[in-house]
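# What the coordinates show
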Amino acid sequence: MTHIEIPDGSPFGMDNLPYGVFSTPGTDPRVGVRVADHVVDLAATLGDPCFSAPSLNAFMAEGDWAGTRERVKALVSGDIPDDAVHAVGAVALHLPIEVADYVDFYASEHHASNLGRLFRPGSEPLMPNWKHLPVGYHGRAGTVVVSGTDIVRPSGQRKTPDGITFGPSQRLDIEAEVGFIVGKGSPLGDPVAVDDFADHVFGVVLLNDWSARDVQAWEYVPLGPFLGKSFATSISPWVVPVQALEAARVATPPQDPEPLPYLREKSPWGLDIDLAVTWNGQEVSRPPYREMYWSPAQMMAHMTVNGASLRTGDLFASGTVSGPEKHQRGAFIELTWGGKEPIEVDGRSSTFLEDGDEVTITATAPGPAGARLGFGEVTGRIISAR
Ligand code: MN
């Protein structure tokens, strides 16, 4: 038997316990939980068939989330059969969910204002609807990939001084975001109330919404992002349960004008998640999630207010997390101001991504009693266009 010793200060202690899907050489993907630098095999230890599945969907749809969390805490504090404990470095981590629908919001006032200035110079940075509803678009669920998956540089149409051309994106960018995973669905036709967030949303991941800015700038009017974003979206392999984030709740920034009643929460809350973006190993930004204008529950309520149903495996993301300071911007188009103010990365003057570049987003949030909870990382490397 193995007893897992959790080092002081571990971001994966008993207060976190994120779920993921892993495999060891020659075995099928199954559900595990991260404890310190170990993965505990839940298929082998808890006995429920849902943990033998290659995604969290069955557990999220059918499981008793709170009860399972208590069982997991009891399991990992005791002695565990040796063959159910693996070093995290010795397993392969897979996409943790089968993604149903994917929606991306635009919930940072700082990011939306910066992009308004860059894409529509000379007009109001925020569109008239922005403070009345959480703006979003439907993305492509089938191209959500797990951290570590290489990203092929997309090709597309661009508007250049020489006319409309086709070729590999020359303004390939990132968006550092937080993603929310729906565990339990809702009936078609029924809006989901803003205060029912915890009944539906299971957990939180880090997300990189890779964005081809040249493709996006030419195609986005009037229906919004399309091929400039649909080629790939990366998420972190560990799903941090919403239940683990109680101590990370903070008030959202003041909302003026007051939102319509369906967007009013009893006690509006955001999350005090500190993100960090590294580009080829060098930290270039520290986006603060607590600055986000629209809350996760408001995004969920808005997404369903027309009667659209939620499904197990739905993923909705926050939009780029950017704070008010330059070093808090979560996209390179903002950090380099449209490519006009290059930053020094790795001894190179950089604006957008080059082939071979690697970007990693990590994050921590407050846990109980001063602890920090980790989200792991979402990383991806750019490979050349095909
Ligand atoms: Mn985005």
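See the structure above.
First, a word on scope: everything that follows refers to the structure included in this document.

Cut-off values and rules
Counting restarts for each chain: residues are numbered from 1 in the order of the written sequence. A pLDDT threshold of at least 70 governs which residues receive local features in this predicted model, and a stricter bar of 80 or more applies before side-chain atom pairs are shown or counted, although totals over entire chains, interfaces and linings include all residues. Side-chain measures were taken over the full set of non-hydrogen atoms in the model, leaving aside hydrogen atoms and water. A pair of strands is considered paired only if DSSP assigns at least 2 bridges between the two. Comment: elements are numbered from the N terminus, with helices defined as DSSP H or I runs of at least four residues and strands as E runs of at least two. Angular values range over 0 to 180 degrees, each being the angle between N-to-C directions of two axes fitted as lines to C-alpha atoms, with helices fitted over their stretch in contact. Only nitrogen, oxygen and sulfur atoms qualify as donors, provided they sit within 2.8 Å of the metal or within 3.2 Å for Na, K and Ca; with water excluded from the atoms, sites may seem incomplete. Each residue's exposure class comes from its accessible area (1.4 Å probe, protein chains only) as a fraction of the maximum for that residue type: buried when under 20%, exposed when over 50%, partly exposed otherwise. Pairing of aromatic side chains requires ring centres within 6.5 Å, counting the rings of Phe and Tyr and the six-membered ring of Trp. Pairs whose planes differ by under 30 degrees are stacked, by over 60 edge-to-face, and all others tilted. Throughout, a contact is declared for two residues whenever any of their heavy atoms are within 4.5 Å. In plain words, nonpolar cores are sets of buried Ala, Val, Leu, Ile, Met, Phe, Trp, Tyr and Cys residues tied together by side-chain atoms within 4.5 Å.

Further remarks concern the sheet that holds strand 1 (residues 19-23). The sheet built from 5 strands is open, its strands ordered 4-3-2-1-5 with antiparallel pairing. Here the strands that pair on one side only, and so sit at the sheet edges, are strand 4 (85-87) and strand 5 (92-94). Mean inter-strand twist for the sheet, computed between neighbouring axes without regard to direction, equals 45°.

Turning next to the coordination of the manganese ion. Protein coordination of the manganese ion is provided by D104 (OD), E175 (OE), E177 (OE) and D209 (OD), with donor distances spanning 2.1 Å. Here the donor residues of the manganese ion share one chain and are spaced in sequence as D-x70-E-x1-E-x31-D. Given a relative accessible area of 0%, E177 falls into the buried group.

Our next topic: the packing of aromatic side chains. By the definition in use, this model includes 14 aromatic pairs. Centre to centre, the rings of Y19 and F202 are 5.7 Å apart; their planes meet at 40°, and the pair counts as tilted. In this pair, Y19 sits in strand 1 while F202 sits in strand 14 (residues 201-208), placing the two residues 183 residues apart along the sequence. Judged on exposure class, the residue Y19 and its partner F202 are both buried.

Inspection of the secondary structure assignment puts N114 in helix 4 (residues 109-119). If near-sequence neighbours (up to four positions away) are discounted, N114 is found in contact with R329, E334 and W337.

Another aspect to go through is the nonpolar core. The biggest cluster of nonpolar side chains holds 61 residues, and the ones touching the most others in it are Y289 and F316. By residue number, the principal contributor to this core is helix 7 (residues 296-304), which donates 5 residues. Residue contacts for Y289: discarding those within four places in its chain leaves V178, F180, L271, I273, L275, P296, M299, S318 and V321.

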